[in-house]
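# Observations on chain architecture
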Amino acid sequence: MAELFYDDDADLALLEGKQIAVIGYGSQGHAHALNLRDSGLNVRVGARPGLSFDKAAADGFTVLPVREAVEDADVVVLLAPDQYQRHIWANDIAPVIKDGATLVFGHGFNIRFGYITPPAGLDVIMVAPKAPGHTVRREYVAGRGIPDIIAVEQDSTGHAWDYALAYAKGIGGTRAGVIKTTFTEETETDLFGEQAVLCGGVSHLVQAGFEVLTEAGYQPEIAYFEVLHELKLIVDLMWEGGIAKQRWSVSDTAEYGDYVSGPRVVTPAVKESMREILADIQDGTFAKRFIADQEAGGREFLALRAAEAKHPIETTGRALRSHFAWSQPDADFIDA
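This report concerns the structure included in the present document. (Residues numbered from 1 in each chain as written. Predicted model: local features only at pLDDT ≥ 70, side-chain atom pairs only at ≥ 80, totals over all residues. Heavy atoms only, no water.)

Each helix and strand counted, the chain has 17 helices and nine strands in total. Here the C-alpha atoms of the chain give a radius of gyration of 22 Å, agreeing with the 20 Å that 2.2 N^0.38 yields for 336 residues. In terms of overall dimensions, the chain has C-alpha extents of about 65 × 45 × 45 Å along its principal axes. Going through the 336 residues of the chain one by one, you find that 38% of them count as buried. Long-range contacts, defined as pairs at least 24 residues apart, comprise 66% of the intrachain contacts of the chain with a sequence gap of at least 6. For the chain, the exposed surface amounts to about 18,200 Å²; the carbon and sulfur share of it is 57%. Taking the average location of the 29 positive side-chain charges in the chain and that of its 49 negative ones, the two points are 3 Å from each other. (Helix = DSSP H or I, 4+ residues; strand = E, 2+ residues; numbered from the N terminus. Rg over C-alpha atoms; globule rule 2.2 N^0.38 Å. Buried < 20%, exposed > 50% of the residue type's maximum accessible area, 1.4 Å probe, protein only. Contact = heavy atoms within 4.5 Å. Areas by Shrake-Rupley, 256 points an atom, 1.4 Å probe, with all protein chains shown as cover. Lys, Arg positive; Asp, Glu negative; His and termini not counted. Charge placed at Lys NZ, Arg CZ, Asp CG, Glu CD.)

Take a negative patch on the surface next. Among the surface-exposed residues, Asp-11, Glu-16, Asp-155 and Asp-162 lie close enough to one another that they form a single negatively charged patch. Note on placement: Asp-11 falls in the loop between β1 (4-5) and β2 (19-23). (Patch = residues over 30% accessible without salt bridge, like charges linked within 9 Å, V, L, I, M, F, W, Y side chains within 5 Å. Salt bridge = Lys/Arg side-chain N within 4 Å of Asp/Glu carboxyl O.)

Taken together, the nine strands give an open sheet; going across it, the order is β1-β9-β8-β7-β6-β5-β2-β3-β4, and neighbouring strands pair in mixed fashion. Unpaired on one side and paired on the other, β1 and β4 (63-64) mark the two borders of the sheet. As paired strands, strand β5 (residues 75-78) and strand β6 (residues 102-105) are joined by four bridges and run parallel to one another. Residue pairing in the sheet places Leu-78 in a bridge with Phe-105 of β6. Lying on the sheet, helix α4 (residues 82-93) is in contact with β2, β5 and β6; it crosses β5 at an angle near 150 degrees. (Pairing = 2+ DSSP bridges. Axes fitted to C-alpha atoms, helices over the stretch in contact; angles between N-to-C directions.)

On to helix α12 (residues 231-249). Here α12 is 19 residues long, yet its end C-alpha atoms lie only 14 Å apart, well below the 27 Å a rise of 1.5 Å per residue gives. Along α12, the largest kink reaches about 130 degrees and is centred on Gly-241. (Expected span 1.5 Å × (residues − 1). Bend = angle between axes of the 7 residues up to and from the residue.)

Within the largest apolar cluster, 34 residues are counted, with the highest numbers of intra-cluster contacts made by Ile-20, Val-22, Leu-36, Val-45, Phe-61, Val-77 and Tyr-167. When residues of this core are traced back to their parent elements, those giving at least two are β2, α1 (27-38), β3 (42-46), β5, β7 (123-129), β8 (148-154) and α7 (160-170). With residues up to four places along the chain from it excluded, the contact list for Phe-61 reads Tyr-25, Ala-33, Leu-34, Arg-37, Val-43, Val-45 and Ala-56. In this structure, Val-70, Ile-93, Leu-103 and Phe-105 belong to the second largest nonpolar core, which totals 27 residues. (Core = buried A, V, L, I, M, F, W, Y, C linked by side-chain atoms within 4.5 Å.)

Side chains of β6 alternate between two faces, with Thr-102 and Val-104 and Leu-103 and Phe-105 buried alike. Chirality of the crossover, the property in question, places the unit of β5, α4 and β6 among those that are right-handed. Strand direction decides the pairing type here: β6 and β7, joined by four bridges, are parallel. Paired with Thr-102 across the bridge in β7 is Asp-123. (Right-handed = clockwise from strand over helix to strand, strands pointing away.)

On to α4. When we look at burial in α4, the residues that qualify are Asp-82, Gln-83, Gln-85, Arg-86, Ile-88, Trp-89 and Ile-93. Of the surrounding secondary structure, the elements contacted by the buried residues of α4 are β2, α3 (66-70), β5, β6, α5 (109-112) and α15 (285-295).

Now for the pairing of β2. Within a regular beta strand, the side chains point alternately toward one face of the sheet and then the other, so they alternate between its two faces. Taking burial as the measure, the five residues of β2 include five buried ones, the bulk of the element. Where burial is concerned, the two faces of β2 agree: the one with Gln-19, Ala-21 and Ile-23 and the one with Ile-20 and Val-22 are both buried. Note that β2 and β3 share five bridges and pair parallel. Across the sheet, residue Ile-23 finds its bridge partner in β3, namely Gly-46.

What follows concerns the packing of helix α10 (residues 200-215) against helix α11 (residues 220-229). It is the contact of α10 with α11, at a shortest axis distance of 9 Å, that shows an interaxial angle of 145 degrees. Here the hand of the crossing between α10 and α11 comes out right-handed. Here Val-206, Gly-209, Phe-210, Leu-213 and Thr-214 of α10 lie close against α11, whose contacting residues are Pro-220, Ala-223, Tyr-224, Val-227 and Leu-228. A per-class count over the contact of α10 with α11 returns eight nonpolar, two polar and no charged. (Left-handed = near helix turned anticlockwise from the far one by under 90°. Nonpolar A, V, L, I, M, F, W, Y, C, P; charged D, E, K, R; others polar.)

The next subject is the pattern of salt bridges. A complete count under the given rule lists 13 salt bridges for this structure. With a closest N to O distance of 2.8 Å, Arg-44 and Asp-72 form a salt bridge. On the criterion of sequence distance, the pair formed by Arg-44 in strand β3 and Asp-72 in the loop between α3 and β5 is long-range, its members being 28 residues apart. Looking at Arg-44, the relative accessible area reads 13%, which means it is buried.

Taken together, Leu-205, Val-265, Val-266 and Val-270 make up a surface patch of nonpolar side chains, about 330 Å² in accessible area. Residue position: Val-265 is located in helix α13 (residues 252-265).

Bringing the environment of Gly-29 into the picture now. Along the chain, the position of Gly-29 falls in helix α1. A relative accessible area of 0% places Gly-29 in the buried class. When the C-alpha positions of Gly-29 and Thr-316 are compared, they lie 33 Å apart, and in sequence the two are 287 residues distant. Leave out the neighbours within four places in its chain, and Gly-29 touches Val-22, Gly-24 and Leu-79.

Take a look at the structure:
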């Protein structure tokens, strides 16, 4: 059984009076920095000149070049994108991070695949909220929290687990519950979930369903509602009470169709493909492909992004959403 921890299990005082440097002010970086500050902790931001630097400054933080932010920090939180972390570590963190500091990750990618190898004198921990950063921030402001998973890769001080729990409390995670894991388990399951189900699986299932309906002559607007728009309603029910509540909530017709047709879509061959995806993650094949492409300027990544953006479901969706009475809450997302 998983080990669960809540507010009463964490001592935020362990971080009081310590200088925390959050490196990166993107999705997770801005949420961690703001939540930690609102929890009464001393936070500065390390960033390169540009949009993130300006946003952090506008939010009232002391913003410094990364090396300066790290130099006297007791806690260094590396939340830049995975593909940049090893360069930031090698060039701006490793040369100046002080012995005995705590190095915090929000995802285990660079530790798990060996792109970053911290020296023995550091505590190396992970606190990974199970939601995008904008949601982490919104839930904190609402007085709630997002469940976190925490791990310790290196416990030099003997207090790394205590610091991990304190940090999770600082960003609101212990309000919802924190689960103990390892860097390896978090990284491999996170990548698999993204690729096989949450991102790759769902998006391509939706696209395929849209294509089947429109190719059969149905209106694209109707197809959009049936395979994409209503997906949120189903996922919300799953989130509230598991697959059982989703099946309890829908019609008997829909539930019966779930049982008899679902296995025709997710066949043993699909499950075998999932095993292959997991194997590629576990042996480092995916990580090497991703990093190699990023080193080459992200040519494959950008080409795939551009191709997917042209899918007809995107054109249909934008037109329909322009008429919706509500608006999406993230002002920095451009629906175009």
